[in-house]
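Observations on the model geometry
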Amino acid sequence: MGTYTSRRASISPHLIRRTVFVRKRKPEEDDETDQKTKEDDEHSWSSHTLQSFVSLVDGDFGYFEFSIQLTQHVLHTAAAVAWEAGKPLVIEEVEVAPPQAMEVRVKILFTSLCHTDVYFWEAKGQTPMFPRIFGHEAGGIVESVGEGVMDLKPGDHVLPVFTGECKECKSCKSEESNMCDLLRINTDRGVMLNDGKSRFSIKGKPIYHFVGTSTFSEYTVTHVGCLAKINPAAPLDKVCVLSCGISTGLGATLNVAKPKKGSTVAIFGLGAVGLAAAEGARIAGASRIIGVDLNSKRFEEAKKFGVTEFVNPKEHKKPVQEVIAEMTDGGVDRSVECTGSINAMISAFECVHDGWGVAVLVGVPNKNDAFKTHPMNFLNERTLTGTFFGNYKPRSDLPAVVEKYMNKELELEKFITHEVPFAQINKAFEYMLKGDGLRCIIRMDA
Ligand SMILES: [Zn+2]
Ligand SMILES: [Zn+2]
């Protein structure tokens, strides 16, 4: 890691390289020239600069038509590689291939660590896929685009998203779904859709991608459908947290639970996603926000997010749904579950008021979990629903979430509790494993 700075300094010339393609117009006229062209053509794919081709134009090649294209080279850049499950990441010099059709190469400026990265890095119970470059919450700038990319150009500010929006499939065309058929999250795929290959390698050895984003790298390649183009005035070191967890919790409340002004809302789980759900309830004008968590220490911090009351199920003899029903004269108007615990999911449903109560599930349950409740709860006109990425369509909806931050409706600073330079990315993992803080921003340029 000590040599990290000098490595970075050595990569900048690649950014300004240009490749020139030479196309022969009259091959039959000169055999000798034909031979030369072939060699030079091959050469042009690897290292010729525009300058060297200008000298060829001035020289022997009067018969040829030249087309100059801005194409991209392989970049040699720094990335944090996970070589093995649960072992600290290692900053390596990685080759990042140019973007292919419908792909975009992005310079990552800030990235943050989310539980999902840690879950797949630990690889307990899933198929391990290593070596891999993790990371899916980030903010960056488009460096170059592949064929067919019309919506983005170099210099655009973007948030990569682990689930995409192709804008072509049945789900993308439906107003009611954000579950893109083509680009929906796939944690088992470590390669690009286009050709089934990785764009990352170390001395020719491929390194796997993670959820189509792999943002723990100074440069990454993603499908164009996994990038939300945002206001270039938005500070990327803040809005990068909207790539995943914060949008998930916020959208669960604002887009799905939809509490009315003055309503009561219960939030199960006061981690980053739950607190984002509370932030959504605060923005919606809820009068009471009841936080439920097994860790009583979390209440103090939760107050910053609008949580007005706190319940620790361990401190009560009765089921927590009964405690909440008593506190609220029959139940809350809305509840949002952000823990992934099946018992919390059942409590979240059973604590809503009959007639109008809505419970929204966000947390990811264990494989063999089953939801058990009495059907009478449904006949009593309670609604149980769930959400994926807060029902946001990444490309269509995230720019407006960024604007909510820009116009000071949504507060993001309070989610950012730590910051580390890229070289110390493993510290971010330590904070998360200890349950210390909410989001740790990793600065790529430091
Ligand atoms: Zn789609
Ligand atoms: Zn995430």
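Remember, it's a predicted structure, so these values are computed and weren't measured experimentally.

1. A look at the overall build of the protein
- Counting secondary structure elements, the protein contains 14 helices and 19 strands.
- Within the span of the protein, comprising 446 residues, buried residues form 44% of the whole.
- Taking as baseline every contact in the protein between residues at least 6 positions apart, the subset at least 24 positions apart corresponds to 72%.

2. Re the environment of Met 102
- Positionally, Met 102 belongs in the loop between strand 4 (90–96) and strand 5 (103–112).
- Its 18 C-beta neighbours within 10 Å are what place Met 102 among the partly exposed residues.
- For the pair Met 102 and Glu 147, spaced 45 residues apart in sequence, the C-alpha separation works out to 5.9 Å.

3. Some remarks on unusual backbone geometry
- Across the junction of Phe 130 and Pro 131, the peptide omega takes the value -5°, indicating a cis bond.
- Inspection of the secondary structure puts Pro 131 in the loop between helix 4 (115–122) and strand 6 (137–145).

4. Re the sheet that holds strand 14 (residues 309–311)
- Read across the open sheet, the six strands follow the order 14-13-12-15-16-17; overall the sheet is parallel. Each end of this open sheet is capped by a strand with a single partner; those strands are strand 14 and strand 17 (383–386). Mean inter-strand twist for the sheet, computed between neighbouring axes without regard to direction, equals 20°.
- Two strands pair when backbone bridges link them, and strand 12 (residues 264–268) and strand 15 (residues 334–337) are joined in this way by four bridges, in the parallel orientation. Paired with Ile 267 across the strands is Val 336, a residue of strand 15.

5. Points about the environment of Leu 361
- Structurally, Leu 361 is set in strand 16 (residues 358–361).
- Separated by 25 residues in the primary sequence, Leu 361 and Gly 386 have C-alpha atoms spaced 4.3 Å apart.
- Ignoring anything within four residues of it in the chain, the contact list for Leu 361 reads Glu 337, Met 345 and Gly 386.

6. A closer look at the sheet that holds strand 9 (residues 205–207)
- Strand order in the open sheet made by the four strands is 3-4-8-9, with antiparallel pairing throughout. Lying at the two open borders of the sheet, with one neighbouring strand each, are strand 3 (75–81) and strand 9. Pairwise comparison of adjacent strand axes, ignoring direction, gives a mean angle of 50° for this sheet.

7. Notes on the pairing of strand 19 (residues 439–443)
- The buried fraction of strand 19 amounts to four of the five residues, a majority that puts the element mostly inside the structure.
- The sheet contact formed by strand 5 and strand 19 spans three bridges and is antiparallel. Within strand 19, the position partnered with Ser 112 by the bridge is Ile 441.
- Examined bridge by bridge, strand 18 (residues 416–421) and strand 19 share five bridges and lie parallel to one another. Bridging across to strand 19, Ile 416 finds its partner in Arg 439.
- Of the crossover connections in this fold, the one passing from strand 18 over helix 14 (residues 425–434) to the parallel strand 19 is right-handed.

8. Section: the nonpolar core
- The biggest cluster of nonpolar side chains holds 116 residues, and the ones touching the most others in it are Val 239, Ala 266, Ile 267 and Ala 277.
- Considering each element in turn, this core owes the most residues, eight residues, to helix 8 (residues 272–284).
- Looking at which domains feed residues into this core, each of domain 2 (75–240 + 412–443) and domain 3 (246–391) gives three or more.
- Leave out the neighbours within four places in its chain, and Val 239 touches Gly 139, Leu 159, Ile 230, Ala 234, Val 402, Tyr 405 and Leu 412.

9. Re the packing of helix 7 (residues 245–257) against helix 8
- Orientation of helix 7 relative to helix 8, taken along the N-to-C sense of each, is 40°, at an axis distance of 7 Å. Classed by the angle they form, the pair helix 7 and helix 8 counts as oblique. Considering the relative orientation of helix 7 and helix 8, their crossing is right-handed. Residue-level inspection shows Gly 245, Ile 246, Thr 248, Gly 249, Leu 250, Ala 252, Thr 253 and Leu 254 of helix 7 in contact with helix 8, the latter providing Ala 272, Val 273, Gly 274, Leu 275, Ala 276, Ala 277, Glu 279, Gly 280, Ala 281, Ile 283 and Ala 284.
- Its residues placed into classes, the contact of helix 7 with helix 8 shows 12 nonpolar, six polar and one charged.

10. Examining the pairing of strand 15
- Burial along strand 15 is two-sided: the residues Arg 334 and Val 336 and Ser 335 and Glu 337 are all buried.
- As judged from the four bridges shared by strand 15 and strand 16, these two strands associate in the parallel manner. Bridge pairing in strand 16 places Glu 337 opposite Leu 361.
- You can see the chain leave strand 15, run along helix 11 (residues 342–350) and come back into strand 16, and the turn it takes is right-handed.

11. Side note on helix 11
- Counting buried positions along helix 11 gives seven out of nine residues, so the element sits mostly inside the fold.
- Along helix 11, the residues classified as buried are Ala 344, Met 345, Ile 346, Ser 347, Ala 348, Phe 349 and Glu 350.
- Of the surrounding elements, those touching the buried residues of helix 11 are strand 12, helix 10 (320–327), strand 15, strand 16, helix 12 (376–379) and strand 17.

12. Some remarks on the environment of Gly 269
- Position of Gly 269 relative to the elements: it lies in the loop between strand 12 and helix 8.
- The class of Gly 269 is buried, set by 26 C-beta atoms lying within 10 Å.
- Separated by 94 residues in the primary sequence, Gly 269 and Gly 363 have C-alpha atoms spaced 9.1 Å apart.
- When residues no more than four places from it in sequence are discounted, the contact partners of Gly 269 are Gly 274, Asp 293, Glu 337, Cys 338, Thr 339, Ala 344 and Gly 363.

13. Quick word on helix 10
- For helix 10, the set of buried residues is Val 320, Gln 321, Val 323 and Ile 324. Taken around the axis of helix 10, the buried residues stretch over an arc of 160°, which confines them to a single face.

14. Structural notes on the confidence of the model for the protein
- Per-residue pLDDT for the protein averages 87, and the proportion of residues at 70 or more is 84%.
- Every residue in residues 1–70 scores below 50 in pLDDT, and together they form 57 contacts with partners more than four places removed in sequence or on other chains.

Thresholds, definitions, all that
- Residues numbered from 1 in each chain as written.
- Chains lettered and ligands numbered in written order.
- Predicted model: local features only at pLDDT ≥ 70, side-chain atom pairs only at ≥ 80, totals over all residues.
- Helix = DSSP H or I, 4+ residues; strand = E, 2+ residues; numbered from the N terminus.
- Buried ≥ 20, exposed ≤ 12 C-beta atoms within 10 Å, placed from the backbone.
- Contact = placed C-beta atoms within 7 Å.
- Pairing = 2+ DSSP bridges.
- Axes fitted to C-alpha atoms, helices over the stretch in contact; angles between N-to-C directions.
- Right-handed = clockwise from strand over helix to strand, strands pointing away.
- Core = buried A, V, L, I, M, F, W, Y, C linked by C-beta atoms within 7 Å.
- Domains from an automatic or database assignment.
- Parallel < 35°, antiparallel > 145°, perpendicular 65-115°, else oblique.
- Left-handed = near helix turned anticlockwise from the far one by under 90°.
- Nonpolar A, V, L, I, M, F, W, Y, C, P; charged D, E, K, R; others polar.
- Arc of directions from axis to C-beta.
- pLDDT = per-residue confidence, 0-100.

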